Each structure stands twice: as structure tokens, then as C-alpha cells.
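Results of the structural survey
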Amino acid sequence: DHKDSRSYVFGKLNNCYLLKGSFGGKSVLADKNNEKAIRISVNYTAGAVLCLLKPAYFEIAKDNNENTPQYQKFNAVDDKQHTNIIGKAPIEIGITEMGGIMGLGGKTSLSFEMGKTPLNFYFIELGATIDAFPVAVPIFAYENNQRIFVNLFVAVGLGKRN
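To keep things clear, this report deals only with the structure shown in the data block. Here the structure is a predicted model, which is why all the values come from computation and not from measurement. (Residues numbered from 1 in each chain as written. Predicted model: local features only at pLDDT ≥ 70, side-chain atom pairs only at ≥ 80, totals over all residues. Heavy atoms only, no water.)

**Points about the nonpolar core**
Listed in full, the 7 residues of the largest apolar core are Val-49, Cys-51, Leu-53, Ile-101, Phe-133, Val-137 and Ile-139. Considering every element that reaches this core, the biggest residue donor is strand β2 (residues 39-55), with 3 residues. Excluding its chain neighbours within four sequence positions, the residues that come into contact with Val-49 are Leu-18, Leu-19, Lys-20, Ile-101, Met-102, Gly-103, Leu-104, Gly-105, Asp-131 and Phe-133. If you look at the next biggest cluster of nonpolar residues, it comprises 5 residues, including Ala-56, Phe-58, Ile-60 and Ile-85. (Core = buried A, V, L, I, M, F, W, Y, C linked by side-chain atoms within 4.5 Å. Buried < 20%, exposed > 50% of the residue type's maximum accessible area, 1.4 Å probe, protein only. Helix = DSSP H or I, 4+ residues; strand = E, 2+ residues; numbered from the N terminus. Contact = heavy atoms within 4.5 Å.)

**What about the pattern of salt bridges?**
The full count for this structure, using the stated rule, is 4 salt bridges. For Glu-113, the salt bridge identified is with Arg-39, shortest N-O distance 2.8 Å. You can see Glu-113 sitting in strand β6 (residues 99-114) and its partner Arg-39 sitting in strand β2, a full 74 residues away along the chain. Take Glu-113 and Arg-39: they sit in the same class, and that class is buried. Residue Glu-97 is joined to Lys-73 by a salt bridge in which the shortest nitrogen-to-oxygen separation is 2.9 Å. Of this pair, Glu-97 sits in the loop between β5 (85-88) and β6 while Lys-73 sits in strand β4 (residues 70-73), and the two are 24 residues apart along the sequence. You can call Lys-73 partly exposed: its relative accessible area is 39%. Each of Asp-31, Arg-39 and Glu-113 takes part in salt bridges that share partners, so that together they form one network. (Salt bridge = Lys/Arg side-chain N within 4 Å of Asp/Glu carboxyl O.)

**Let's talk about the pairing of β6**
With 15 bridges joining them, β2 and β6 adopt antiparallel strand pairing. Directly across from Asn-43, in β6, lies its bridge partner Ser-109. With 11 bridges joining them, β6 and strand β7 (residues 120-132) adopt antiparallel strand pairing. By the bridge assignment for β7, Glu-113 is matched with Phe-123. (Pairing = 2+ DSSP bridges.)

**With respect to the environment of Ala-46**
Mapped onto the elements of the fold, Ala-46 is located in strand β2. Between the C-alpha atoms of Ala-46 and Asp-131, which are 85 residues apart in sequence, the distance is 9.7 Å. What Ala-46 contacts, discounting residues up to four positions off in sequence, is Ser-22, Phe-23, Gly-105 and Gly-106.

**Considerations on the packing of aromatic side chains**
Both the distance between ring centres and the angle between the ring planes are used here to describe each pair of aromatic rings. Taken as a whole, this structure holds 1 aromatic pair when the rule is applied. Ring centres 6.2 Å apart and planes at 70° place the aromatic pair Phe-133 and Phe-149 in the edge-to-face group. Of the two residues, Phe-133 sits in the loop between β7 and β8 (148-160) while Phe-149 sits in strand β8, which places them 16 residues apart along the sequence. By relative accessible area, Phe-133 is classed as buried at 2%. (Phe/Tyr/Trp six-rings, centres within 6.5 Å; stacked < 30°, edge-to-face > 60°.)

**Observations regarding the sheet that holds β5**
Sheet strands line up and pair through hydrogen bonds in the backbone, either parallel or antiparallel. Overall, antiparallel pairing links the 3 strands, which are arranged β4-β3-β5 in an open sheet. Each end of this open sheet is capped by a strand with a single partner; those strands are β4 and β5. Averaged over all pairs of adjacent strands, the angle between strand axes in this sheet comes to 40°, irrespective of strand direction. Here 3 bridges tie strand β3 (residues 57-60) to β5, and the two strands are oriented antiparallel to one another. In the sheet register, Ile-60 faces β5, and the bridge partner there is Ile-85. (Axes fitted to C-alpha atoms, helices over the stretch in contact; angles between N-to-C directions.)

Given below as C-alpha cells:
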């Protein structure tokens, strides 16, 4: 045990950062015709997704008295490596080794908008996103990495129109 140990995910190979570019639209199913009514809309988008993969580096306990930190990638073959891991390395470590996988993505949601005046409104949105890649995204060493990622979401907001 190291006195400065930090949390980390054992077996993590890469961090995945998504960049999405998409086009979409909105269809109003029920419009708001008085102040007590609720506008119900369907929202949808589709487009390209780039998964930027940055290798996961870990800070390793030093065997000597050096003051410089030591970092290394997770090694699935070295079963004793985990005894030397202090925690995850700073985010900038490994950034020059980033790679990417192109894929396709989409989002669909149902939104409910209400408000007492036409200028102020509140909404709740329920939906799902899907991102699909041609190959499994290598995030973990010991898990079955996936090609398709589905996320469900709920968004709540308030706003003001001009």
C-alpha cells in the first residue's frame, strides 16, 4: 500500500472520448394552444462519431528515491503490476499516442414542454443514443469490449425565448 494511492480502474487499456457531428430535426406531435397545454415533440439526429482512444496510463510506485513520477500503460501479461500501481496518471500522459475509430451515431427523444407564458418554459426530455463502430472499442483488457453503445437519458431544463 502506498500512502498517496488514488482510485483507478484495473485492466483499463484506453479512455474513449467521443466527437459527434450530426444532422437532425424535430416534429411537433401536439402543440401548445393555451397556457396549461403541453407541447410534445420528437427529436432525432444521425451522423458520424469519432471515438478518440487515449491509452490509459498509471502512476507506478518507485523502487528508488527518485522524485520524478513513473508512468506506464496497463500490461495484461504482468499479473504483479497491480501491486505497484498508485493510481491513474494525469490526463495529458499518453495524449500523443491517441488514435481513433470512426463510427455512426444517432439520437432520438421525446420532449414535453410547458410554461405559463410563451416566453418562459420548462421541459423534460426522455431519449436514447446509439453509437456503432466497425470493430470492438478496446477499452478493457479482460472484458468483452463492445462495438455498439446504447445510452438512455433524461434531461430537464428551463428556458426563456427572445
